[in-house]
Structure formats: structure tokens, C-alpha cells
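A closer look at the structure
Chain by chain, the residues run as shown.
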Amino acid sequence: MSEFIPYGRQWIDDDDVAAVADVLRSDWLTTGPKVAEFEAALAACGGTRYAVAYCNGTAALHGMMFALDIGPGDEVIVPALTFAATANAVVYQGGTPVFADVDPDTLLMDPASVSARITARTRAIIAVDYAGQPCDYDALQSLADRHGLALLADACHALGGSYRGRRAGSLARMTAFSFHPVKTIACGEGGAVTTDDADLNARLRLFRNHGISTDHRQREAAGAWYYEMVELGYNYRLSDIHCALGLSQLAKLPRFLERRRAIARRYDAAFAGSTNLQPLARQDNVEHAYHLYVVRLPERDAAFATLRRQGIGVNVHYVPVHLHPFYRQRFGTAAGLCPVAEQAYRHILSLPIYPGLSDADQTRVLGAVRSVGESTDQKKLAG
Ligand SMILES: *Cc1c(COP(=O)(O)O)cnc(C)c1O
């Protein structure tokens, strides 16, 4: 039996290990200088004035909902095809997530569906750069402007991506990132929000630190014991240990992206002539970050089982969020709400893609996927 090939995994070098070890020997394990350093590097990477580190991408999304003051009665439009955390963040603040359908070719949030979901209660749109491809931000921004809504981004897949020459991080009023090991860079757990808005930056910082208006280091510098808790926040801080790893990883982002894109090109070329294996469409005005490489095939369930038996760690991203029992029960969502996402869900398969995937391993994946794709139990894709 050959070794199991996962769909994603981190790449850690000796200098990443050394960066973490240095922090462990330093004075500050948390709320120290590495946090500000990582934030500055992230802001530079996204091309924004501010970045606020959070303990994970989900907390970062929660922070964006707090910063916008989302609460009961407020609706926030999210795509149906995303990780549940995008919608959960709205619910944490008592808001109502409203699910928009996706484009059938890219599986990115469809601006026409977003437009149809806007009501007098809508406050914001959270665009999700599915698989690492930035959404159509011009279309979404003009919708948001026309209706006085905040356009936000869940770019947990898209660190290093860009849209019309503008980098992921600066394409919306606030953007959330994740540094989970399967994402583009790894902190272990980690996340951040980028923004150009000074007030939102202040609220994001307050929220990740219990709602307390100054942090430990600022107080120590002032020699003061007094602090005020002015809002109900959380402990959503990211430690210096994690930030040191994130900083070290961020320096490798260009290399990581280059390798992901090379793997994607090879998959594209291999599937170019296939009728049964259909990659997602790519917009030509974007730089794709390729967190995922998603292919559609007629009999996904059969293909998934066959490939997993062969040690190929294929996966499915995602179960449409409105079909989860929690959303059905709490918000009365049901099948039929987002037909394009529901149809796509039956056919999508995520193939292994990560910087450490060797050419030989990709050859093995390609052989197995092509043989499954051409097998007789894979009827032709309708349409
Ligand atoms: C990974 C991910 C998240 C959550 O990030 P965590 O760091 O795991 O909390 C949110 N949204 C999307 C689209 C993601 O892929």
C-alpha cells in the first residue's frame, strides 16, 4: 500500500522551527513584539493600513461582525458554498445569515443572487474567495454601494491572490484570513483581519482582548494598573509563538503560491481534453491562490470512495451551509434555496494540492483520478 496523500498540508522548514524556539526563550510568549511584527507584515502583504491578528479565522470573522455592530434583526448575505464558519460568525452576534447562490462555472458568490437577497434588513455581504480565486469584487462593490451595505471578504482561501491587480486583503472594507495548517501559510491555529479603516481597526483590537481598551504592554509602558472594559469582548488573541511561525511562513508565501500554481497548471493540462473531469472556470482578471483544486465529475461519491481506497486524500468542499441541520432548524433553510450550489455539491471533489506535493505524488494522483474519470460508471456530466 502506497503512502496516503492528503489534500493539503503545511510546509515547515528548520528556520520556522528556529523562529518559534527563539520566542520560547524570549520574555514574551503572548501580547509581545511578534504580534505587532506579524500584523505589520500582513498589512504589507494585503496592501492595507491595518492588520489585527486573531487566534483563528473563525474568530477573525466574528471580530468583523462585532466591528460592524451586527446584531439581532440584521441580515448578512453569505454564499451557500463555504465553510460553515462564514455564516456562524453572523449567528454569534445574533444576526441572520442569508444564503446567496453561486456561479455555476466558478462556484463564486453570484452577484445576481446577492442582489435578489437584499432586503431592508441587509447590513453586509461577506464574499468568499472559494478555492483561492477572488470573487467579482467590482460587481459586489457596486451592489454594496447602491444599497449602502458593507462589503466584507472571507479570504481564508486567498492569501496571496489578487483581483485586477489589487491584493486579497484590500478588496473589501474588512477581510478575514486563516492560518490553519491546510491554508496557504500555517500558524498552527491563527487568523487576522485586514482593513484601511482606523475605527474598525480599534474595534477589532478591543474585541479580541475582552473588550478592554488598553492591552497589557501599553499599561506596563504607562506604569498604570487601571483599565476599562467598555464592550463585551473575548480572548481571541494570537500568541507570539504563533505569530513568529506566521512571520517566518509569510516570507515563503511567494514560493508556496508558485508551487500551488504549478500543481494547478498540471491538473488543468491533464483535464483539458476530458469531458468527465471538469475543472472550475477561472476569471482572467485574477491571480488565483489555489488553496483548493476542485474538479467536477459525474459520480462524485463513487470516485471519492475509489480514490480514498487508493490512498488519495480527496475531499469535498463544502456541504452547502444552508443544508446543515443547525441552519434548517434555526433558520428554516431547505433544499431548493440555492440550486446551483446544491447541484455543484453533488459533483465537486478537491484534489491534493500543497507545496510539498511531489511531482511523483501528483503523477500518482493524476493516474488514479483519470482512471476513475474515464471509468464506465462515470456517466457524462449533464449540460
Ligand atoms: C478555514 C476557513 C475558515 C475558518 O478558519 P479557522 O482558522 O479554521 O477558524 C473560515 N472560512 C473559510 C472559507 C475557511 O476556509
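Here the structure is a predicted model, which means the values were calculated and not measured. (Residues numbered from 1 in each chain as written. Predicted model: local features only at pLDDT ≥ 70, side-chain atom pairs only at ≥ 80, totals over all residues. Heavy atoms only, no water.)

Structural notes on the overall build of the chain
If you tally the helices and strands in the chain, you get 14 helices and 13 strands. For a compact globule of 383 residues, the expected C-alpha radius of gyration is about 21 Å, and the chain comes in at 21 Å, within 12% of that figure. Projected onto its principal axes, the C-alpha coordinates of the chain cover approximately 75 × 55 × 40 Å. Expressed as a percentage of its 383 residues, the buried residues of the chain come to 55%. Pairs at least 24 residues apart make up 72% of the contacts formed inside the chain by residues separated by at least 6 positions. (Helix = DSSP H or I, 4+ residues; strand = E, 2+ residues; numbered from the N terminus. Rg over C-alpha atoms; globule rule 2.2 N^0.38 Å. Buried < 20%, exposed > 50% of the residue type's maximum accessible area, 1.4 Å probe, protein only. Contact = heavy atoms within 4.5 Å.)

Regarding the domain arrangement of the chain
Domain boundaries in the chain define domain 1 (14-250) and domain 2 (253-382). Each of domain 1 and domain 2 has a C-alpha centre, and the two are 26 Å apart. At the interface, 44 residues of domain 1 touch 38 residues of domain 2. Buried surface at the junction of domain 1 and domain 2, summed over both partners, amounts to about 3,300 Å²; 62% is from carbon and sulfur atoms. On the surface where domain 1 and domain 2 come into contact, there are zero salt bridges. The tally of links between domain 1 and domain 2 comes to 21 residue pairs in polar contact (both at pLDDT 80 or more). Of all elements in the fold, only α4 (84-92), β3 (96-100), β6 (162-163) and α9 (240-250) reach the threshold of two or more residues within the side of domain 1 that touches domain 2. (Domains from an automatic or database assignment. Buried area = accessible area lost by both parts, 1.4 Å probe. Salt bridge = Lys/Arg side-chain N within 4 Å of Asp/Glu carboxyl O. Polar contact = N/O pair within 3.5 Å; in protein donor to acceptor, adjacent residues only side chain to side chain.)

Thoughts on empty space enclosed by the protein
The rolling of a water-molecule-sized probe over the atoms marks out the regions of remaining empty space. Counted by the stated rule, this structure contains one cavity of 30 Å³ or more. Here the largest cavity is characterised by a volume of approximately 40 Å³. In terms of lining residues, the largest cavity is bounded by Arg-9, Gln-10, Trp-11, Pro-181, Lys-183, Thr-184, Ile-185, Ala-186, Gln-249, Phe-256, Arg-260 and Pro-355. Residue composition of the lining of the largest cavity, by class: six nonpolar, three polar and three charged. Looking at the lining of the largest cavity, you find at least three residues from each of domain 1 (14-250) and domain 2 (253-382). (1 Å grid on protein atoms, 1.4 Å probe; cavity = no way out; pocket = protein on both sides within 12 Å on 5 of 7 lines; lining within 4 Å. Points joined across faces, edges and corners; volume = space filled by probe spheres on them. Nonpolar A, V, L, I, M, F, W, Y, C, P; charged D, E, K, R; others polar.)

Quick word on the pairing of strand β4 (residues 122-128)
Among the seven residues that make up β4, six are buried, leaving the element largely enclosed by the rest of the structure. Relative to β4, strand β2 (residues 75-79) runs parallel, the two sharing three bridges. Across the sheet, Val-76 pairs through a bridge with Ala-124, a residue of β4. Taken together, β4, helix α6 (residues 137-147) and strand β5 (residues 150-154) constitute a β-α-β crossover, and its handedness is right-handed. (Pairing = 2+ DSSP bridges. Right-handed = clockwise from strand over helix to strand, strands pointing away.)

Looking at the pattern of salt bridges
Taken as a whole and assessed by the stated rule, the structure comprises 14 salt bridges. Among the salt bridges present, the one from Arg-208 reaches Glu-39, with a minimum N-O distance of 2.8 Å. One end of the pair, Arg-208, is in the loop between α7 (198-207) and α8 (216-222); the other, Glu-39, is in helix α2 (residues 33-46), and 169 residues separate them in sequence. Each member of the pair, Arg-208 as well as Glu-39, is classed as buried. Here Asp-301 ties to Arg-300 by a salt bridge, and the two come within 2.9 Å at their closest N and O atoms. On the basis of relative accessible area, Asp-301 is assigned to the exposed category, the value being 55%. Counted as one network, the salt bridges with shared partners bring together Asp-13, Asp-15, Asp-16 and Lys-252.

A closer look at the packing of helix α11 (residues 300-309) against helix α14 (residues 359-374)
Where α11 meets α14, the axes come as close as 10 Å, and the angle between the chain directions of the two elements is 145°. In terms of crossing hand, the pair formed by α11 and α14 is right-handed. Mapping the contact onto sequence places Ala-303, Thr-306 and Leu-307 in α11 and Ala-368, Val-369 and Val-372 in α14. Residue classes in the contact of α11 with α14 are distributed as five nonpolar, one polar and no charged. (Axes fitted to C-alpha atoms, helices over the stretch in contact; angles between N-to-C directions. Left-handed = near helix turned anticlockwise from the far one by under 90°.)

Focus on the site of the ligand
In the region of the ligand, 15 residues are neighbours, and Gly-57, Thr-58, Asp-154, Ser-178 and Lys-183 sit closest. The separation between an oxygen atom of the ligand and a polar side-chain atom of Ser-178 is 2.7 Å. Note that an oxygen atom of the ligand is positioned 3.4 Å from one of the side-chain N or O atoms of Tyr-318. Here the ligand loses 92% of its free accessible area of 380 Å² to cover by the protein chains. Elements supplying a minimum of two residues to the shell around the ligand: α3 (57-67) and α4. Broken down by element, the shell around the ligand gets its largest block of residues, three residues, from α3. Split by residue class, the shell around the ligand holds five nonpolar, eight polar and two charged. (Near = heavy atom within 4 Å. Areas by Shrake-Rupley, 256 points an atom, 1.4 Å probe, with all protein chains shown as cover.)

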